[in-house]
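The chain contents come next:
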Amino acid sequence: GSVFSLSTNGTGFTVLYSFDRLHANGTSYTNVGGAVPSGALLLAGDTFYGTAAYGGRAAMGTVYAVNTNGTGFRVLYDFPIIGNGNRPQSTLVISPSGQTLYGTASSVVFAINTDGSGFRVLHAFSATGGDGWLPKCGLVISASGLTLYGTTQVGGSGGSGTVFAVNTDESGFRTLHH
């Protein structure tokens, strides 16, 4: 995959960044920037933020940033093999202050500062609990910036997913609908 730009009239196609190709086992060839970009890009100022579902040092995916002119690609977070979720596939959202990114990975809702510091898990889903599992869709942030809303693909009391809310300060997780 790649991050690219294209004029609205269809001209000026430019590749801003090319991601790694994958080995058959799911690891990227260079294990640097990730592979298989997922979700839409988030534009904040002159920077795009996104997720890659594969690649990175542990081959579990990355959160990345790249300037709109294609310079300055950087991995903000490499997902580990164990803990903190993995395989992020959602579009990121940003806090009203523009300093914190929020997203989902296989089993978590996470936050990370736009400079790559301060990664933290806001909620870890339980595969056997009633809170859901596999939150692959992007989050919605409240106008106040204090609450995140999202969905899971499976789990909950009916087994077909949930709608949830969690506060950005890691408190107040609640299942809104099964």
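This structure is a prediction, so every number in the text was calculated from the model and none was measured. (Residues numbered from 1 in each chain as written. Predicted model: local features only at pLDDT ≥ 70, side-chain atom pairs only at ≥ 80, totals over all residues. Heavy atoms only, no water.)

Helix and strand content of the protein chain: zero helices and 14 strands. If you list the helices and strands of the protein chain from N to C, you get β-β-β-β-β-β-β-β-β-β-β-β-β-β. In terms of principal-axis extent, the alpha carbons of the protein chain reach across some 50 × 40 × 30 Å. By residue count, 44% of the 178 residues in the protein chain fall in the buried class. The long-range fraction of contacts in the protein chain, counting pairs at least 24 apart against all pairs at least 6 apart in sequence, stands at 33%. Of the roughly 8,300 Å² of accessible surface on the protein chain, 54% is carried by carbon and sulfur atoms. Measuring between centres, the 7 positive side-chain charges of the protein chain sit 7 Å from its 7 negative side-chain charges. (Helix = DSSP H or I, 4+ residues; strand = E, 2+ residues; numbered from the N terminus. Buried < 20%, exposed > 50% of the residue type's maximum accessible area, 1.4 Å probe, protein only. Contact = heavy atoms within 4.5 Å. Areas by Shrake-Rupley, 256 points an atom, 1.4 Å probe, with all protein chains shown as cover. Lys, Arg positive; Asp, Glu negative; His and termini not counted. Charge placed at Lys NZ, Arg CZ, Asp CG, Glu CD.)

All right, on to the sheet that holds strand 12 (residues 147–151) then. Read across the open sheet, the four strands follow the order 11-12-13-14; overall the sheet is antiparallel. Taken across any chain shown, the strands that pair with only one partner, and hence form the sheet edges, are strand 11 (140–141) and strand 14 (174–177). Judged from the five bridges that link them, strand 12 and strand 13 (residues 163–167) form a sheet pairing that is antiparallel. Looking at the pairing, Thr 151 lines up with Val 163 of strand 13. (Pairing = 2+ DSSP bridges.)

Turning our attention to the nonpolar core. Core analysis: the biggest nonpolar cluster contains 16 residues, and Phe 79, Leu 101 and Phe 110 have the highest contact counts within it. Ignoring anything within four residues of it in the chain, the contact list for Leu 101 reads Leu 42, Tyr 49, Leu 76, Leu 92, Val 93, Ile 94, Phe 110, Ala 111, Ile 112 and Thr 114. Among the nonpolar cores identified, the runner-up in size contains 10 residues, and Val 93, Phe 125, Leu 139 and Val 166 belong to it. (Core = buried A, V, L, I, M, F, W, Y, C linked by side-chain atoms within 4.5 Å.)

With five of its six residues buried, strand 9 (residues 108–113) lies for the most part within the structure. Pairing geometry for strand 8 (residues 100–105) and strand 9, over six bridges, is antiparallel. Looking at strand 9, one finds that Tyr 102 is bridged to Ala 111. Between strand 8 and strand 9, which pair antiparallel and follow one another directly, the connecting turn spans two residues. Note that strand 9 and strand 10 (residues 120–124) share four bridges and pair antiparallel. Considered in strand 10, the bridge of Val 109 is made with His 123. Between strand 9 and strand 10, which pair antiparallel and follow one another directly, the connecting turn spans six residues, one of which, Gly 116, has a positive phi of 90°.

Read these as geometric descriptors, not functional statements.
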